[in-house]
Amino acid sequence: MLHKFAFLARICTLKPTCTASVCPRCNKIRYDEVQHFFINCNSTDANRNRFWNILIDQFSIPFSAYLHNRSDEELVCILLGQEIIDHALPEEEYVNFLKLVAETWYVL
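Everything numeric in this text was worked out from a predicted model, so none of it was measured.

S.K.: Can you help me understand the nonpolar core in this one?
M.R.: One recurring pattern in soluble globular proteins: nonpolar side chains tend to sit buried together. Ranked by internal contacts, the top residues of the largest apolar core, which has 20 residues, are Phe 38, Phe 51, Leu 55, Phe 63, Leu 67, Leu 79 and Phe 97. Contributions of two or more residues to this core are made by helix 2 (33–40), helix 3 (45–58), helix 4 (61–68), helix 5 (72–79) and helix 6 (91–105). Those residues in contact with Leu 55, other than ones at most four positions away along the chain, are Phe 63, Ser 64, Leu 67, Phe 97 and Leu 100.

S.K.: Would you mind showing me how to read the environment of Thr 44 here?
M.R.: By secondary structure assignment, the location of Thr 44 is in the loop between helix 2 and helix 3. The spatial distance from the C-alpha of Thr 44 to the C-alpha of Thr 104 is 9.7 Å, given a sequence separation of 60 residues. Here the side chain of Thr 44 touches Cys 41 through a polar contact of 3.0 Å, landing on its backbone oxygen.

The rules behind each value
- Residues numbered from 1 in each chain as written.
- Predicted model: local features only at pLDDT ≥ 70, side-chain atom pairs only at ≥ 80, totals over all residues.
- Heavy atoms only, no water.
- Core = buried A, V, L, I, M, F, W, Y, C linked by side-chain atoms within 4.5 Å.
- Buried < 20%, exposed > 50% of the residue type's maximum accessible area, 1.4 Å probe, protein only.
- Helix = DSSP H or I, 4+ residues; strand = E, 2+ residues; numbered from the N terminus.
- Contact = heavy atoms within 4.5 Å.
- Polar contact = N/O pair within 3.5 Å; in protein donor to acceptor, adjacent residues only side chain to side chain.

Just distances and angles here, no functional claims.
Following this line, the structure appears as structure tokens:
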């Protein structure tokens with residue numbers, strides 16, 4: 001369990017780079033380790049699909065559309081806990097969204 005938190009702590013403290021590197025999880029070239037992990041990494045495809053399927057099934061259509069229309073960078077920031085300030089979301093729905101994020105991404 002500690003290795004999961006260590007990985008998350010490392011992700012949250014990474015400095016963005018423009019240098020290409022190879023992802024050790026999927027062997028694809030990446031430029032941004034954090035964005036690659038959440039958006040493009042083949043090793044997280046199942047997590048990504050599960051996240052979007054649950055989001056579409058259990059959350060409002062406007063909220064699902066709002067997230068879908070975010071840039072990759074904006075979506076990653078939201079998944080890492082950035083407050084959603086330009087979309088009104090009832091507190092209970094926001095808490096459920098945070099639970100979904102934790103259950104989807106923080107179990108790797």
